[in-house]
Amino acid sequence: MKALEITGTVNAKGELHLDQPLPVKQTGRVRVILLFPEAEDIDENEWLKAAATNPVFAFLHDPEEDIYTLEDGKPLNNER
């Protein structure tokens with residue numbers, strides 16, 4: 001079974017309205033799993049701030065951890 005993640009809204013009638021059409025060509029029955037945000041869930045910006053200020057990651061500011069330079073690796077070529 002394949003999975004597809006897409007966002008939508010449930011209205012007051014309990015109807016699900018997707019934010020965009022499904023990017024699939026096949027038709028037929030599907031299983032739907034709805035994930036509702038919890039009241040205590042924090043948004044992505046709060047997660048990023050917490051990770052950036054967490055002392056667990058303080059070692060990353062140590063100059064000895066800065067082992068790569070802009071001269072390392074190869075540029076990404078987007079042409080195909």
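Residues numbered from 1 in each chain as written. Predicted model: local features only at pLDDT ≥ 70, side-chain atom pairs only at ≥ 80, totals over all residues. Heavy atoms only, no water.

J.: Could you clarify how one ought to interpret the overall build of the protein in this entry?
T.: Secondary structure summary: the protein contains 1 helix and 2 strands in total. Starting at the N terminus and walking to the C terminus, you meet the elements of the protein as β-β-α. Radius of gyration (C-alpha) of the protein: 22 Å, far over the 12 Å computed for a compact globule of 80 residues. Taking the principal axes of the C-alpha coordinates as reference, the protein spans close to 55 × 45 × 20 Å. Buried positions account for 0% of the 80 residues belonging to the protein. With 8 positive and 16 negative side-chain charges, the protein shows a spacing of 19 Å between the two charge centroids. (Helix = DSSP H or I, 4+ residues; strand = E, 2+ residues; numbered from the N terminus. Rg over C-alpha atoms; globule rule 2.2 N^0.38 Å. Buried < 20%, exposed > 50% of the residue type's maximum accessible area, 1.4 Å probe, protein only. Lys, Arg positive; Asp, Glu negative; His and termini not counted. Charge placed at Lys NZ, Arg CZ, Asp CG, Glu CD.)

J.: I keep staring at the confidence of the model for the protein and nothing clicks. Help me out?
T.: Detail in the predicted coordinates should be disregarded across regions flagged by low pLDDT. Averaged over every residue, the pLDDT of the protein is 86; residues scoring 70 or more account for 96%. The spread of mean pLDDT over the elements of the protein runs between helix α1 (residues 44-53), the lowest at 86, and strand β2 (residues 16-18), the highest at 94. (pLDDT = per-residue confidence, 0-100.)

J.: Could you clarify how one ought to interpret the environment of Glu71 in this entry?
T.: With respect to the element layout, Glu71 can be found in the segment after α1. Judged by relative accessible area, which is 67%, Glu71 ranks as exposed.

J.: Explanation requested: a negative patch on the surface in the structure shown.
T.: A contiguous patch of negative charge on the surface is contributed by Asp62, Glu64, Glu65 and Asp66. Inspection of the secondary structure puts Asp66 in the segment after α1. (Patch = residues over 30% accessible without salt bridge, like charges linked within 9 Å, V, L, I, M, F, W, Y side chains within 5 Å. Areas by Shrake-Rupley, 256 points an atom, 1.4 Å probe, with all protein chains shown as cover. Salt bridge = Lys/Arg side-chain N within 4 Å of Asp/Glu carboxyl O.)

J.: I would appreciate a short explanation of a nonpolar patch on the surface in the present structure.
T.: On the surface, Leu4, Val10, Leu16, Leu18, Leu22, Val24, Val30, Val32, Leu34 and Phe36 cluster together to form a nonpolar patch covering roughly 920 Å² of accessible area. If you trace the backbone, Leu4 turns up in the segment before β1 (8-10).

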